[in-house]
Amino acid sequence: MTETSMQLVERLFDAFNRRDAEAIAELCHQEMEFFAVTGEEVGRGEPYMGPDGLHEYLSDVARVWEELLITVKEVESQGNRLLVRGRVYLRSRDLGIRDMPIAWIWQARDGRFIRGEAFPDPELAEARFGRVSA
């Protein structure tokens, strides 16, 4: 990757916070798969796949959350994998307001994200990140 891991992650989450689907798709591989907490909230049993899946994801976010903002605190890299620690601020009529720590494990290929998984329990992400070799 030509960019640092932190820069790549910051660009992704900035695009997400702006709900810029095109900027997100530009940072993600065509075969991208994303396992998101929002998917669980809408009863989705499979990951969001490829550019179409990313658009579906943003639609689901808009449907479930009145507001959802991400702040990146720390990025740790291990080969082509990244452990991202941060916070998420969520607001919805049904679920109220949440401000909580969260973590993600991202995998990149050819300078783009190919897999991402969100973990509401950062310790689980840290444990999984440490167990899997690059």
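Note: the structure precedes this text.
Basis of the calculations
Residues numbered from 1 in each chain as written. Predicted model: local features only at pLDDT ≥ 70, side-chain atom pairs only at ≥ 80, totals over all residues. Heavy atoms only, no water. Helix = DSSP H or I, 4+ residues; strand = E, 2+ residues; numbered from the N terminus. Buried < 20%, exposed > 50% of the residue type's maximum accessible area, 1.4 Å probe, protein only. Pairing = 2+ DSSP bridges. Contact = heavy atoms within 4.5 Å.

Asker: Break down unusual backbone geometry for me, with residues and values.
Answerer: Not every positive phi belongs to a glycine, and R19 is a case in point at roughly 60 degrees. Within the secondary structure, R19 sits in the loop between α1 (5–17) and α2 (21–27). One non-glycine residue, D110, lies in the positive phi region at around 55 degrees. Within the secondary structure layout, D110 lies in the loop between β5 (96–109) and β6 (112–119). Residue class for D110 comes out exposed when judged on its relative accessible area of 70%.

Asker: For the sheet that holds strand β4 (residues 81–92), give the residues involved together with the corresponding values.
Answerer: Two pairing modes exist for strands in a sheet, parallel and antiparallel, and in both the strands are linked by backbone hydrogen bonds. Spatially, the six strands line up as an open sheet ordered β2-β1-β6-β5-β4-β3, and their pairing is mixed. Both edges of this open sheet fall to β2 (48–49) and β3 (67–78), since each of them pairs with a single strand only. Of the pairings in the sheet, the one linking β4 to β5 comprises twelve bridges and is antiparallel in character. Counted as the bridge partner of L83 is I105 from β5.

Asker: Before we move on, could you go through the side chain of D60 and cite the residues and values that matter?
Answerer: When you line up the elements, D60 lands in helix α4 (residues 50–64). Leaving out residues up to four positions away in the same chain, D60 has contacts with T38, V42, R44 and Y48.

That's the geometry; what it means functionally is another story.
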